[in-house]
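Reading the structure
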Amino acid sequence: MNGVQYPWLSETWTNLQASMQHGSLPGALLFSATEGLGEESLVEALLKVQLCNSSEVEACGFCHSCTLFQAGTHPDLHRIAPAEGKATISVDQIREGNRYALESSQLSGQRVIIIEPAESMTEQAMNALLKTLESPPDSCVFILRSHAPHRLLPTIKSRCQHWHVKTPVLSEYQQWLTANGISEVPELYYQLCLGAPLKLKAFIDEGQGAEFDSTLAALTNFIEQDFALPKTFVDRCSTDTLAKLSLLSLALIELQKGYFVELPTVENHPQLKRLKSVLDYQQVFDMTRRLAKLIEQLTIHTGLNKELLLSQWLIETKTR
Ligand SMILES: [Zn+2]
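Throughout, residues of each chain are indexed from 1 in the direction in which the sequence is written. Whole-chain, interface and lining totals are the exception, using all residues; otherwise, since this is a predicted model, local features are given only for residues with pLDDT of at least 70 and side-chain atom pairs are given and counted only at 80 or more.

The terminal C-alpha atoms of helix α4 (residues 91–102) lie 17 Å apart, and with 12 residues this matches the ideal 16 Å at 1.5 Å per residue to within 8%. We call a residue exposed when 12 or fewer other C-beta atoms sit within 10 Å of its C-beta, buried when the count reaches 20 or more, and partly exposed for counts in between; the C-beta positions come from the backbone. Secondary structure elements follow DSSP: runs of H or I no shorter than four residues count as helices, runs of E no shorter than two count as strands, and numbering proceeds from the N terminus. Turning to α4, its buried residues are Gln93, Ile94, Gly97 and Ala101. One side of α4 holds all its buried residues, which, seen down the axis, span an arc of 95°. More than 90 degrees from the buried face of α4, the exposed residues found are Asp92, Arg99 and Leu102. Its buried side turned inward, α4 meets β2 (77–80), β3 (111–115), α5 (123–134) and β4 (140–146). Given a helix with a known number of residues, its expected span is that number minus one, times 1.5 Å. What the arc describes is the spread of directions from the helix axis to the C-beta atoms. A residue pair is marked as a contact if its C-beta atoms, positioned from the backbone, fall within 7 Å.

Below is the structure:
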């Protein structure tokens, strides 16, 4: 029985197993990864081993502990996550976890506390956790999972053993994509999804790739045709605006590089290549800078007239 379901996680898993076998896992661990790597499954596999009564490196799946784990009712496992409808983990939740850590194990010999996403702890919550991590109780493991470890207090990070799950290169998981029905992936999509396999798969499966290409085509059409109305592009971006603009921003950054070296992300992507043919480097540089400002504006002030700002962004590209 394999503890992890994705091939790009197996190296980290093997290293973790080696540490477990040597008994060298400390009382606090931090797992970080880019979103879309499926590292949750790795952390779940680890929790399961930590609680399993009959194996040190791979959960057996049928002991009493494993059964309770699968049912979600293991008394030695405490999960801390933002409460429903909340974006943050409160100090009270952490205090409760701290108390839990001090109690003795009911079944497996140790207690496990998982905090995810760890970066959603408020500052007060982080400080409360820090106190416990400074002198961790015996027979207790704290596991933190984060997509943004830079948002954690440095003092928390320094008290955890940090496991960073690295993003695989495309060739490392092409086989997995093929097995999942995706044979050809434009290099640009890999870049837009920050290399994360699960994100890339969803991007293609859900038609976001095709949608992105159409948005790019609408942008190029606008620039190519004099006096064309900005409507098609603006309409396309009027829903899910921030996500779409962020993708566009990544593509424009890639395009900038494409003026200096021949990049497969640009040259093998017909729509981006076409955009390159109607703009010069300075224009793209300028568009990217203004787009970053627009994204910032829309993030901070939610009540703005998106359509108007998008049209302005487009028109300024043309008049410069
Ligand atoms: Zn077991």
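Let us now look at the packing of helix α12 (residues 241–257) against helix α15 (residues 281–300). Working note: a packed helix pair is described by the angle between its axes plus the distance between those axes. Axis geometry follows a simple rule: fit a line to the C-alpha atoms, using only the stretch in contact for helices, then measure angles between N-to-C directions, giving values from 0 to 180 degrees. The N-to-C vectors of α12 and α15 enclose an angle of 155°; their axes lie 9 Å apart at closest approach. Relative to α15, the element α12 lies roughly antiparallel. Here α12 runs over α15; the crossing is left-handed. Taken together, the residues of α15 that come into contact with α12 (itself represented by Thr241, Leu242, Leu245, Ser246, Leu248, Ser249, Leu252, Ile253, Leu255 and Gln256) are Tyr281, Val284, Phe285, Met287, Thr288, Leu291, Ala292, Leu294, Ile295, Leu298 and Thr299. Residues are sorted three ways: Asp, Glu, Lys and Arg are charged, Ala, Val, Leu, Ile, Met, Phe, Trp, Tyr, Cys and Pro are nonpolar, and all the rest, Gly among them, are polar. Looking at side-chain class alone, the contact of α12 with α15 contains 15 nonpolar, 6 polar and no charged residues. Each angle gets one of four labels, with under 35 degrees taken as roughly parallel, over 145 as roughly antiparallel, 65 to 115 as roughly perpendicular, and the rest as oblique. Two helices crossing with the near one rotated counterclockwise from the far one by less than a right angle form a left-handed crossing, whereas a clockwise rotation gives a right-handed crossing.

Let's shift gears to the environment of Asp235. Summarising the element assignment, Asp235 is placed in helix α11 (residues 231–237). The class of Asp235 is exposed, set by 12 C-beta atoms lying within 10 Å. Between the alpha carbons of Asp235 and Ile300 there is a distance of 22 Å; along the sequence they are 65 residues apart.

The values reported here are purely geometric and, on their own, carry no functional implication.
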